[in-house]
Amino acid sequence: MCGIVGYIGRRDVAPLLLEGLQRLEYRGYDSAGIVITGKAAAGKPGALKMVKAKGRVRELEAKVPKRFAGTTGIAHTRWATHGAPSDENAHPHLDAENKVAVVHNGIIDNASELRAKLTADGIVFLSETDTEVLVHLIARAQAETLEEKVREALRHVEGTYGIAVLHADFNDRIVVARNGSPVVLGIGEKEMFVASDVAALVAHTRQVVTLDDGEMATLKADDFRTYTTEGSTTTATPTTVEWEAESYDMGGHDTYMHKEISEQADAVDRVLRGRIDDRFSTVHLGGLNLDAREARGVRRIKILGCGTSYHAGQIGAQLIEELARIPADAEPASEFRYRNPVVDPDTLYVAVSQSGETYDVLAAVQELKRKGARVLGVVNVVGSAIAREADGGTYVHAGPEVCVVSTKCFTNTVVAFALLALHLGRIRDLSVADGKRIIDGLRRLPDQISEILANEDEIKRLAAEYADAKSMMFIGRVRGYPVAREASLKLKEVSYIHAEAYPASELKHGPLALIEPAMPTVAIVPDDDLLEKNRAAMEEIKARSGRILAVAHQVQEKADHTIVVPKNENELDPILMGIPLQLFAYHTALAMGRDIDKPRNLAKSVTVE
Ligand code: AGP
């Protein structure tokens, strides 16, 4: 969703905020804006100076005048929810007297009702956004202090927000508040930062404080304090961000997507490191907060996630059923919450999220907690909302993933599920021999990933071969089906080519009618007990002149082309079989001139419904 960033200190604020916006642009990038104040801004001590622009942050940068000095400011990069991308709808929003400025990430559910009341009171709105109601509520608040004005305004608001507020009459501070959208404080030496994501902070400080829902903070140049929207003080303990600033750089790659695909061998190394116990052929997952006795009492596992994380959860459910023999399944978190699910005390719920901020997942977790369920988190971003809301869990240690299109986090999340399944399996009936077999397979993954990535030129050539497709079908069976689903999403979201995934066994029940030369099929064909059935599905396609690209452990004569990947253990093969299709999607999109890291209409972390 949107990115907010703020600074108060002694340095020239505009360059700091613009650089912070660049770091946050993957969260939303259809328009951007900046407002500054402080000693040097516009002469008068508190006057606000603002610039906004439709388009990318670079468009905003080009509009910022040479003389735009100040030491305090807030800025925003937007992913439109209310009102099309435009200068007027870009944040920050100001009140009529240009005294109050607000940047906001989230959705104000009762914005139209508030807008009607304010309009009836004579307020003239300049934008179509929900956010603008906030700035007028703050400006009209009768309270004495800026903190109380913001609290008074928020009492009228229903919905989600991560906000930063500047006020010309209180220009020694920034007031921030969080409810449902991330807000992280950066604690510096005589300077303070605020952002939606640590990515905008780590270049300046790695000491951070993550606000909880219902929490606010006041930032001054050499101090900060946190309190609730009711006004009672809260204790904030800064933590150290584990990711270095450099890990957010592109590292010599042309795109973050290529960098993140390329670093998967190292990323998988990290998620395995220090967790394998050869003595008992199992793994140790610190932080699960689930002891062996509790684990044995689990009767079912329900995995919840969105998009790529949902697909990782589907593979995770398969791994848990195979290794731990616990009934498991995955479903989209957004669907789960609204189907009035039966929440069963013997079911263990697992929330999967790279960002740890996806609203649909966070809301499902909060609903489950409200009903007394036990929830684990499988998350990448340490200290994120879902990680903090869960009763325990495990981090996937993929490092920062900047590209909107998730690749290394998908792979690390599936490996994390393999570790969880092995852990649970060895508490139950998985034998020492099978535990060792899986551990040996896990240890082979990094080198096998490197072997697959070394085949990039061949995959690039094949991408060119299929770039003329008007649509693509992806098929797989059992373990291969979630791989097909994820590969289909990758192609759709980065190349904009329509693609769909189907269980190979289901083709003959309808989708086979779509098959023709202009509708090629990618078939996931592992050397497992379904090999012959997968070959039969390819035969059905060939008989109807369908083109086939197979991903397999050996060349498939029924396929027009085969990408051969190294064989691991049957249960772990899905981890490897998806990787060439990440590169396939990447090179297809590259050949089509797509914006690889920021595909149209998308955002990296969807913190609204
Ligand atoms: C990933 O390629 C997609 N951009 C998207 O589906 C993403 O996986 C989904 O929005 C969930 O995000 P999360 O993992 O941060 O919760």
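Residues numbered from 1 in each chain as written. Predicted model: local features only at pLDDT ≥ 70, side-chain atom pairs only at ≥ 80, totals over all residues. Heavy atoms only, no water.

## Notes on the overall build of the protein
For the protein, the helix and strand inventory stands at 19 helices and 27 strands. Expected size for 609 residues packed as a compact globule is a radius of gyration near 25 Å; at 25 Å, the protein falls within 12% of this value. In terms of principal-axis extent, the alpha carbons of the protein reach across some 75 × 55 × 45 Å. The buried share of the protein, reckoned over its 609 residues, is 62%. Restricting to contacts in the protein with at least 6 residues of sequence separation, those with at least 24 account for 71%. Just so you have it, the protein exposes about 22700 Å², and 48% of that area is on carbon and sulfur atoms. If the 73 positive side-chain charges of the protein are averaged to one point and the 87 negative ones to another, these points end up 1 Å apart. (Helix = DSSP H or I, 4+ residues; strand = E, 2+ residues; numbered from the N terminus. Rg over C-alpha atoms; globule rule 2.2 N^0.38 Å. Buried < 20%, exposed > 50% of the residue type's maximum accessible area, 1.4 Å probe, protein only. Contact = heavy atoms within 4.5 Å. Areas by Shrake-Rupley, 256 points an atom, 1.4 Å probe, with all protein chains shown as cover. Lys, Arg positive; Asp, Glu negative; His and termini not counted. Charge placed at Lys NZ, Arg CZ, Asp CG, Glu CD.)

## Some words on the pattern of salt bridges
Counted according to the given criterion, the structure contains 42 salt bridges. For Lys63, the salt bridge goes to Asp87, with nearest N and O atoms at 3.0 Å. With Lys63 in helix H2 (residues 57-63) and Asp87 in the loop between strand S4 (72-78) and strand S5 (93-94), this pair connects stretches of sequence that are 24 residues apart. In this structure Lys63 comes out as partly exposed when scored by relative accessible area, which is 42%. When its relative accessible area of 29% is taken as the criterion, Asp87 is described as partly exposed. (Salt bridge = Lys/Arg side-chain N within 4 Å of Asp/Glu carboxyl O.)

## Some thoughts on the site of the ligand
Near the ligand lie 13 residues; those nearest to it are Ser309, Ser353, Ser355, Thr358 and Glu493. Within the backbone of Thr308, an N or O atom sits 3.1 Å from an oxygen atom of the ligand. For the ligand, an oxygen atom lies 2.5 Å from a polar atom in the side chain of Glu493. In the complex, the protein chains occlude 91% of the 410 Å² of accessible area that the ligand would expose alone. Ranked by residues supplied to the shell around the ligand, first place goes to helix H9 (residues 307-324) with three residues. Here the shell around the ligand is composed, by residue class, of three nonpolar, eight polar and two charged. (Near = heavy atom within 4 Å. Polar contact = N/O pair within 3.5 Å; in protein donor to acceptor, adjacent residues only side chain to side chain. Nonpolar A, V, L, I, M, F, W, Y, C, P; charged D, E, K, R; others polar.)

## A short note on the pairing of strand S8 (residues 174-179)
Judged by how many residues are buried, S8 sits mostly within the fold: five of six residues are covered. Looking at chain direction, strand S7 (residues 161-167) and S8 are connected through five bridges and run antiparallel. Counted as the bridge partner of Ile163 is Ala177 from S8. Where S7 hands over to S8, the hairpin turn is made up of six residues, counted between the paired strands. Where S8 and strand S12 (residues 215-220) come together, five bridges link them in antiparallel fashion. By the bridge assignment for S12, Val176 is matched with Ala217. (Pairing = 2+ DSSP bridges.)

## Here we look at the packing of helix H16 (residues 480-495) against helix H19 (residues 579-591)
Close contact between H16 and H19 brings their axes to 9 Å; oriented N to C, the two are set at 20°. If you check the angle between H16 and H19, you find them roughly parallel. Crossing hand, H16 versus H19: right-handed. Across the interface between the two elements, Ala487, Lys490, Leu491, Val494 and Ser495 from H16 touch Leu581, Phe584, Ala585, Tyr586, Thr588 and Ala589 from H19. Here the contact of H16 with H19 is composed, by residue class, of eight nonpolar, two polar and one charged. (Axes fitted to C-alpha atoms, helices over the stretch in contact; angles between N-to-C directions. Parallel < 35°, antiparallel > 145°, perpendicular 65-115°, else oblique. Left-handed = near helix turned anticlockwise from the far one by under 90°.)

## Brief notes about the environment of Phe336
Mapped onto the elements, Phe336 comes out in helix H10 (residues 333-338). Between the C-alpha atom of Phe336 and that of Gly305, which follows or precedes it by 31 residues, the distance is 9.6 Å. Not counting residues up to four positions away in its chain, the partners in contact with Phe336 are Lys302, Leu304, Glu331, Pro341, Tyr349, Ala364 and Leu368.

## Thoughts on the sheet that holds strand S26 (residues 548-552)
Taken together, the five strands give an open sheet; going across it, the order is S24-S23-S25-S26-S27, and neighbouring strands pair in parallel fashion. In the strand order of this sheet, the two ends are held by strand S24 (498-503) and strand S27 (561-564), each with one partner. Here the average twist between neighbouring strands, direction ignored, is 20°. Looking at chain direction, strand S23 (residues 471-476) and S24 are connected through six bridges and run parallel. Across the sheet, Ile475 pairs through a bridge with Tyr502, a residue of S24. In the packing of helix H15 (residues 456-466) onto the sheet, the strands contacted are S23, S26 and S27, and the crossing angle to S27 comes to about 150°.

## Some thoughts on the sheet that holds strand S3 (residues 49-54)
The antiparallel open sheet is built from eight strands, whose spatial order is S3-S2-S4-S1-S10-S9-S11-S15. Two strands bound the open sheet, and with one partner strand each, they are S3 and strand S15 (239-240). The pairing of strand S1 (residues 3-8) with S4 spans six bridges and is classified as antiparallel. Following the sheet pairing, Gly6 is matched in S4 by Ile74. Contacting S1, strand S2 (31-37) and S4, helix H1 (residues 13-24) runs over the sheet at an angle of about 155° to S1.

## Focus: the pairing of strand S25 (residues 521-525)
For S25, a buried count of five out of five residues is recorded, marking the element as mostly surrounded by other parts of the structure. Across the two faces of S25 the burial is the same, with Thr521, Ala523 and Val525 and Val522 and Ile524 all buried. One ladder, built from five bridges, connects S25 with S26; its direction is parallel. Paired with Ala523 across the bridge in S26 is Ala550. Following the backbone out of S25, through helix H17 (residues 531-542) and into the adjacent parallel S26, one traces a crossover that is right-handed. (Right-handed = clockwise from strand over helix to strand, strands pointing away.)

## Re the environment of Lys408
Residue position: Lys408 is located in helix H13 (residues 408-427). Through-space distance from the C-alpha of Lys408 to that of Leu368 is 28 Å; in sequence the pair is 40 residues apart. Excluding residues that lie within four positions of it along the chain, Lys408 makes contacts with Glu260, Glu263, Gln264, Ala398, Gly399, Pro400 and Glu401.

## Let's talk about H15
Within the sequence span of H15, burial applies to Glu456, Ile459, Leu462, Ala463 and Tyr466. The arc enclosing the buried residues of H15, seen along the axis, measures out at 120°, which places them on a common side. Counted as exposed and oriented over 90 degrees from the buried face of H15: Asp457 and Ala464. Structurally, H15 contributes buried residues whose contacts are with helix H6 (256-262), helix H14 (432-453), S23, S26, S27 and H19. (Arc of directions from axis to C-beta.)

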